[in-house]
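Secondary and tertiary structure notes
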Amino acid sequence: MSIKKYLQSLQKLLPNTLLEQIQYLHSSLLLRWILSSKSQPVAFSQKSAMVFSPHQDDETFGCGGLIALKREYGIPVVVIFLTDGGSTGHTEPNSQNQIIQIRKQEALTALGILGVPSSAIHFLEKPDGTLLNLKNQERQQTITRIAELLQKYQPEEVYVPHHKDCHRDHEATYELVKEAIPQAKITVELIQYPIWLFWRAPLFIMLKLQDIAAVYHLSIAPVQDKKHRAISSYCSQIQSLPSGFIQRFLGSTEIFFKSES
Ligand SMILES: [Zn+2]
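Described in the following lines is the structure provided in the data block. The shown structure was predicted, so the numbers you read here are calculated from the model rather than taken from an experiment. (Residues numbered from 1 in each chain as written. Predicted model: local features only at pLDDT ≥ 70, side-chain atom pairs only at ≥ 80, totals over all residues. Heavy atoms only, no water.)

Quick look at the pattern of salt bridges now. Side chains carrying opposite charge are able to pair once their charged atoms draw close together. Per the counting criterion, the structure on display carries 10 salt bridges. Put simply, Glu-72 and Lys-226 hold a salt bridge, and the shortest N to O gap is 2.8 Å. Highlighted residues: Glu-72 in helix H3 (residues 58-72) and Lys-226 in helix H10 (residues 224-233), separated in sequence by 154 residues. Judged by its relative accessible area of 48%, Glu-72 falls in the partly exposed class. Across the salt bridge formed by Asp-225 and Arg-229, the nearest N and O atoms sit 3.5 Å from each other. Linking Asp-225 with Arg-229, this pair stays in helix H10, spanning four residues, or about one helical turn. Exposure remark for Arg-229: the relative accessible area of 34% places this residue in the partly exposed category. (Salt bridge = Lys/Arg side-chain N within 4 Å of Asp/Glu carboxyl O. Helix = DSSP H or I, 4+ residues; strand = E, 2+ residues; numbered from the N terminus. Buried < 20%, exposed > 50% of the residue type's maximum accessible area, 1.4 Å probe, protein only.)

Before going further, it helps to examine the sheet that holds strand S7 (residues 215-219). If you walk across this open sheet you meet the eight strands as S1-S7-S8-S6-S5-S2-S3-S4, and the pairing is mixed. Two strands bound the open sheet, and with one partner strand each, they are strand S1 (40-41) and strand S4 (121-126). As paired elements, strand S2 (residues 49-53) and strand S5 (residues 157-161) share three bridges and run parallel to each other. By the bridge assignment, Val-51 is partnered in S5 with Tyr-159. (Pairing = 2+ DSSP bridges.)

Glancing now at the pairing of strand S3 (residues 77-83). One face of the sheet, then the other: side chains in a regular strand alternate in exactly this way. Along S3, seven of the seven residues are buried, which leaves the element largely enclosed by surrounding structure. For S2 and S3, the ladder comprises five bridges, and the chain directions are parallel. Counterpart to Ala-49 in the pairing with S3 is Val-77. As for the winding sense of the linkage, the β-α-β connection from S2 through H3 to S3 is right-handed. (Right-handed = clockwise from strand over helix to strand, strands pointing away.)

Take the coordination of the zinc ion next. Only His-55 (ND1), Asp-58 (OD), Asp-58 (OD) and His-170 (NE2) from the protein coordinate the zinc ion, and they sit 2.1 to 2.6 Å from it. The site at the zinc ion holds four donor atoms, and with the angles between them running 53 to 145 degrees, its shape is irregular. Taken in sequence order, the residues that donate to the zinc ion follow the motif H-x2-D-x111-H. Since its relative accessible area comes to 3%, Asp-58 is described here as buried. (Donors = N, O, S within 2.8 Å, 3.2 Å for Na, K, Ca; no water. Tetrahedral: all angles 85-135°; square planar, octahedral: opposite > 155°, others 65-115°.)

Let us look at the nonpolar core. Core analysis: the biggest nonpolar cluster contains 63 residues, and Phe-52, Ile-67, Ile-146, Leu-150, Tyr-159, Phe-245 and Phe-256 have the highest contact counts within it. Here this core gets seven residues from one element, more than from any other, and that element is helix H6 (residues 168-184). Within the second largest apolar cluster, eight residues are counted, among which are Ile-34, Leu-197, Phe-198 and Val-215. (Core = buried A, V, L, I, M, F, W, Y, C linked by side-chain atoms within 4.5 Å.)

For strand S6 (residues 189-193) and strand S8 (residues 253-258), the ladder comprises two bridges, and the chain directions are antiparallel. Following the sheet pairing, Gln-192 is matched in S8 by Phe-257. Two elements, S7 and S8, share five bridges in a ladder whose sense is antiparallel. Within S8, the position partnered with His-217 by the bridge is Ile-255.

A full pass over the atoms with the stated rule returns nine aromatic pairs. Ring centres 4.2 Å apart and planes at 20 degrees place the aromatic pair Trp-196 and Phe-245 in the stacked group. Here Trp-196 is found in the loop between S6 and helix H7 (197-200), whereas its partner Phe-245 is found in the loop between helix H11 (235-238) and S8, with 49 residues between them in sequence. A relative accessible area of 8% means that Trp-196 is categorised as buried. (Phe/Tyr/Trp six-rings, centres within 6.5 Å; stacked < 30°, edge-to-face > 60°.)

Before going further, it helps to spend a moment on the environment of Ser-232. Of note, Ser-232 is situated in helix H10. In this structure Ser-232 comes out as buried when scored by relative accessible area, which is 4%. As for Ser-232 and Thr-109, which are separated by 123 residues in sequence, their C-alpha atoms are 9.9 Å apart. Among the polar contacts listed, one links the side chain of Ser-232 to the backbone oxygen of Arg-229, at a separation of 2.7 Å. (Polar contact = N/O pair within 3.5 Å; in protein donor to acceptor, adjacent residues only side chain to side chain.)

Put simply, helix H5 (residues 136-153) and H6 touch, their axes get as near as 8 Å, and they point 60 degrees apart. With respect to H6, the axis of H5 lies oblique. The crossing of H5 and H6 is right-handed. Contacts between H5 and H6 involve Arg-139, Thr-142, Ile-143, Thr-144, Ile-146, Ala-147, Leu-150 and Gln-151 from the first element and Glu-175, Leu-176, Val-177, Glu-179, Ala-180, Ile-181, Gln-183 and Ala-184 from the second. Looking at side-chain class alone, the contact of H5 with H6 contains nine nonpolar, four polar and three charged residues. (Axes fitted to C-alpha atoms, helices over the stretch in contact; angles between N-to-C directions. Parallel < 35°, antiparallel > 145°, perpendicular 65-115°, else oblique. Left-handed = near helix turned anticlockwise from the far one by under 90°. Contact = heavy atoms within 4.5 Å. Nonpolar A, V, L, I, M, F, W, Y, C, P; charged D, E, K, R; others polar.)

As structure tokens, this is what we get:
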């Protein structure tokens, strides 16, 4: 899909139900408030990064600009997908396998646009929607696998979804990575990116003052077009996400939360 067609299709994605209109307004107001008075601008860092993404699209929505900026400077960025992305309401095995393959291909295309080679992309292929309820042994194996990847690539920065991101797989991704870091015996900066947080959370209730104090924003203006093109690669997702949701990710900044280490 060309970016022009994509932007045209976004017009159709403006919120249409009352709930979506409220969520859209809520998330827009929160975002404006955070950007204008609570978050600090941060200079682009030249540190290598590993981005953990629960599903095939979160990395681009949350960190697409950051990834593209780093890659333009030749800085290593590795992306790890935790789930197979197969749970989108398809009950028949064939359609589920099909959507898994489609989402994998979309991820490779999107990350190719952002400058990440396929050799730096890993799919852990856990069933979509199950990360929070992995059986003990499988959970330990997943943590060990994450620790091995951290050891192998030794990233200086690690990006994970926000620990209160209002989505089970997203919050579980944070926990799994947080547990894997000490196992990998490396020192990293753990940085959280919000996906559903502004959309679903009654933020003033959920976030503590120290959370808000840890917010910063990065200008991604030079690579905004690349991010839009990468988002438009996720054709299978664009139509299934709530109307108005994607708008937040089309701006010239990305928001991150520093983690206490
Ligand atoms: Zn997700």
